[in-house]
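# Architecture at a glance
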There are 2 protein chains.
Amino acid sequence: MNPKFYSLPIEKQTAILNAGFHVFSQNTYKKSPMSEIAEAAGISKALLFHYFHNKKELYLFLWDTCCKITVEEMTRSGAYKQTDLFGSMDYGMQAKLRLMRKYPDIGVFAVRAFYEKDPEVSADIQKSMGQYLEIHAAKKLQNLDPEDFIPGIDLQMMYKEMYWASEGCLWEYIQRGCMNVDAMEKDFRKLLDFWKKVYLRKSREETRDDGKDI
Amino acid sequence: MNPKFYSLPIEKQTAILNAGFHVFSQNTYKKSPMSEIAEAAGISKALLFHYFHNKKELYLFLWDTCCKITVEEMTRSGAYKQTDLFGSMDYGMQAKLRLMRKYPDIGVFAVRAFYEKDPEVSADIQKSMGQYLEIHAAKKLQNLDPEDFIPGIDLQMMYKEMYWASEGCLWEYIQRGCMNVDAMEKDFRKLLDFWKKVYLRKSREETRDDGKDI
DNA sequence: GATGAAGTTGACCGATACGGTTAGCGGAGG
DNA sequence: CCTCCGCTAACCGTATCGGTCAACTTCATC
């Protein structure tokens, strides 16, 4: 990959990145033409080939930057430092939203690349995964105090359920095509509030008096 | 579309359907070649063109059968007749699982087709949507008795959250590529049990004694 | 304003893949 | 033996692909 890419104005750099993310997120690796990427980025195909020797190199570069960017944003958000569960979820969510605002298709690109089966790239993708995978660990659960939550609740299940719900919400926006990040943030925040009210013991105590009949 | 398609042995019919669902779910309409569909169905391209005059006809046929099949399965499941929320969710889930067992890619195909932008087919897709859209209505919420649930809970939010969680769970399987429907059913059932325990008032009453301290 | 380096592109190349057609194979039924 | 019918290999004209290259623009330097 040509280092001159980095001396491009940043808007053009992200334009190229986003064009790549977009095209590769819509189709298989083999069915994603370089010409389409160039057009989406607003440059000529020849220039795209000037920055990246071939399609494979561009693809793997996109994958690498995708991973790097995500990890950076997540660690920088402080989501991993926070000990409070909902707090760290909030920070993590904000980091994700910031990412999607700058790179609308990075999420879909990531999952497609991860499950890409084309032998020309799949091996390299899987090989580079080792470094990034353990970060997402769900060890969050280990240092949770059950006393904070409503009695008898399965904390692992609760966490899984919250993860799925936020993923489901996210996919609803993704599928729609146009990424309205502001509306997404509102929805996520409503989810967080809902969970706090339902799962946390303290907030339950406050409203418990209403329901002591029967 | 050639009516002789229907006189094929049913396994071959579903093989062709699934091949179409699969290929069209992986790529854009334009980037999904008929040859690939034929190969996935285990027949020659020429024969595929014998049953469907051209690509567009096959695509719209797939879309129509997709809608028809789904509506049939959902109404037949009794999910719409049930008045109990979790019961109807259970039935609906079972119907969905039955569908995905028979047509593993029908879900992804449906969303991709719905948001397909290719002018050759998008208009026809959108036109035929009118008939099917109102069925999915969330009027379930109207005849829910708040007394059944824990006090102070936002029922609409609860329903949305449950919907998102099941979608998120489903997408996790879908993205992985291989569709392990049995594992999916287990996960869904665990979700349902979890929700019942957390949201329903009755089940909360039973476990409340454990947590009356402070 | 001449010069040269750097940035950028339209046009091109060989190969392949596409949607769709057709001639013909093989088997069953008369 | 003929004929119908399910089915396919091979084919056709065209479009598209990854990748290259010569030439054009831009712009700083002298």
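I will try to describe carefully the structure that is included in this document. As the structure is a prediction and not an experimental result, all values here were calculated from the model. (Residues numbered from 1 in each chain as written. Chains lettered and ligands numbered in written order. Predicted model: local features only at pLDDT ≥ 70, side-chain atom pairs only at ≥ 80, totals over all residues. Heavy atoms only, no water.)

### Let's talk about the packing of helix H5 (residues 85–102) of chain A against helix H8 (residues 155–176) of chain A
All names here are of chain A. Between H5 and H8, whose axes approach to 13 Å, the crossing angle comes to 20 degrees. In terms of their interaxial angle, H5 and H8 are classed as roughly parallel. Read as a crossing pair, H5 and H8 show a hand that is right-handed. Counting all contacts with H5, which are made through Leu-85, Phe-86, Met-89, Lys-96 and Met-100, the residues of H8 involved are Met-158, Tyr-159, Met-162, Glu-167 and Leu-170. Partitioned by chemical class, the residues of the contact of H5 with H8 number eight nonpolar, no polar and two charged. (Axes fitted to C-alpha atoms, helices over the stretch in contact; angles between N-to-C directions. Helix = DSSP H or I, 4+ residues; strand = E, 2+ residues; numbered from the N terminus. Parallel < 35°, antiparallel > 145°, perpendicular 65-115°, else oblique. Left-handed = near helix turned anticlockwise from the far one by under 90°. Contact = heavy atoms within 4.5 Å. Nonpolar A, V, L, I, M, F, W, Y, C, P; charged D, E, K, R; others polar.)

### Some details on the protein's contact with DNA strand C
Residues in close proximity to DNA strand C total 15 residues, the closest being A:Ala46, B:Pro33, B:Met34, B:Lys45 and B:Lys55. Restricting the count to atoms of DNA strand C within 4 Å of the protein gives a sugar and phosphate share of 50%. A:Ser44 places a polar main-chain atom, nitrogen or oxygen, 3.1 Å from a phosphate oxygen of DNA strand C. Side-chain polar atom of B:Lys45 to a base oxygen of DNA strand C: 2.5 Å apart, as the coordinates give it. Those elements that place two or more of their residues in the surface near DNA strand C are helix H3 (45–51) of chain A together with helix H2 (34–41) and helix H3 (45–51) of chain B. For the surface near DNA strand C, the class distribution of residues is seven nonpolar, four polar and four charged. (Near = heavy atom within 4 Å. Polar contact = N/O pair within 3.5 Å; in protein donor to acceptor, adjacent residues only side chain to side chain.)

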